[in-house]
Amino acid sequence: MRRKLAAGNWKMNGLQASLAELSTLAAEHAEASSEVLICPPATLIGAAVAASDGAIGIGGQDCHAEVSGAHTGDISAQMLKDAGATHVILGHSERREDHGESDTDVRTKARAAIDAGLKVVICMGESLDEREANNTLDIIGGQLAGSIPDQVTGENLIVAYEPIWAIGTGKVPTLDQIGEVHDFVRARLEKRFGEGVGRSVRILYGGSVKPGNAAEIFAVSNVDGALVGGASLKAKDFGPIITALDNS
Ligand code: PEP
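Residues numbered from 1 in each chain as written. Predicted model: local features only at pLDDT ≥ 70, side-chain atom pairs only at ≥ 80, totals over all residues. Heavy atoms only, no water.

**Q** Could you clarify how one ought to interpret the overall build of the chain in this entry?
**A** When its secondary structure is counted, the chain shows 11 helices and 8 strands. Taking 18 Å as the expected radius of gyration for a compact globule of 248 residues, we find that the chain reaches 17 Å, a close match to that expectation. Principal-axis analysis of the C-alpha atoms gives the chain an extent of 45 × 45 × 35 Å. Split into buried and exposed, the 248 residues of the chain put 51% on the buried side. Here the chain contributes 22 positive and 33 negative side-chain charges, whose respective centroids are spaced 3 Å apart. (Helix = DSSP H or I, 4+ residues; strand = E, 2+ residues; numbered from the N terminus. Rg over C-alpha atoms; globule rule 2.2 N^0.38 Å. Buried < 20%, exposed > 50% of the residue type's maximum accessible area, 1.4 Å probe, protein only. Lys, Arg positive; Asp, Glu negative; His and termini not counted. Charge placed at Lys NZ, Arg CZ, Asp CG, Glu CD.)

As structure tokens, then:
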């Protein structure tokens, strides 16, 4: 049985005052059957671990591929782990686009994160042009093959399918389109890593998940939860998404 996962990506949002949202979530969803993860900006990780009181996992949004060294402004996986993080998001489309990260970069970072004892949330998704050209499965297949290192297990790998055109836009693929990609990802994971590992990996959907559409998305086959941007910033929005996941 895969445990459902509601993951929030705060991106470059959040100051000390935002930790109150985490305390609210932690208090309201301490008994949630789903796992809850928040990835705040790195400046808040230590304080977020304290504010979430063990009820919510705290993750980073990126890490460097090396353990330490002359890389001004970067953060290593070991540093995230040392600050109390349990997970790290890698290969988000905003990193791929803003920082030119390739599948190889993502795979190398993922290896470093796993070596440091973190679970990795590896993101992939097609652009609107790629979707309209009917290339979605080819793109996802390439990203899956290129971004995931060999040494993953069913526990330390989480895949997030995030169509780029759905992120922050309010547009969501049809439920059939989501199901098609998630079934494809599951089949590819089983083929590459074997049925045991392939069936244990959680596959999240991300892209404009809101309280109003969460339940129908969570009913789609092979959707094991969500990676949520905007609606994870406030407990009043993320809370109902967690509840919808618990009830799915
Ligand atoms: C994201 O950035 O991972 C995301 C899914 O954002 P949003 O929920 O705001 O579309």
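**Q** Is there a simple way to think about the sheet that holds strand 3 (residues 57–60) in this case?
**A** The strands making up a sheet associate through hydrogen bonds between their backbones, and the pairing can be parallel or antiparallel. The strand order around the closed barrel built from 8 strands is 1-2-3-4-5-6-7-8, with neighbouring strands paired in parallel fashion. Sheet twist, expressed as the average angle between the axes of neighbouring strands with direction ignored, equals 25°. Bridge count between strand 7 (residues 202–206) and strand 8 (residues 225–228): 2 bridges; the pairing is parallel. Looking across to strand 8, one finds that G206 is bridged to L227. Lying on the sheet, helix 8 (residues 175–193) is in contact with strand 6 (157–161) and strand 7; it crosses strand 7 at an angle near 150°. (Pairing = 2+ DSSP bridges. Axes fitted to C-alpha atoms, helices over the stretch in contact; angles between N-to-C directions. Contact = heavy atoms within 4.5 Å.)

**Q** In this structure, what is going on with the site of the ligand? I would like to understand it.
**A** Contacts to the ligand come from 14 residues, most closely from K11, E162, G168, S208 and G229. Coverage of the ligand by the protein chains reaches 97% of its 290 Å² of free accessible surface. Broken down by class, the residue content of the shell around the ligand amounts to 4 nonpolar, 8 polar and 2 charged. (Near = heavy atom within 4 Å. Areas by Shrake-Rupley, 256 points an atom, 1.4 Å probe, with all protein chains shown as cover. Nonpolar A, V, L, I, M, F, W, Y, C, P; charged D, E, K, R; others polar.)

**Q** Would you explain the layout of surface pockets in this entry?
**A** Over the atoms rolls a probe the size of a water molecule, and its path tells where empty space is left. The calculated volume of the largest pocket comes to roughly 580 Å³. With 3 residues, the top contributor of residues to the lining of the largest pocket is helix 4 (residues 93–98). Split into classes, the residues belonging to the lining of the largest pocket amount to 6 nonpolar, 8 polar and 6 charged. Size it by volume and the second largest pocket reaches roughly 170 Å³. Of the residues that constitute the lining of the second largest pocket, the class distribution is 5 nonpolar, 8 polar and 3 charged. (1 Å grid on protein atoms, 1.4 Å probe; cavity = no way out; pocket = protein on both sides within 12 Å on 5 of 7 lines; lining within 4 Å. Points joined across faces, edges and corners; volume = space filled by probe spheres on them.)

Note that every value here comes from positions in space, so none of it alone points to a role or purpose.
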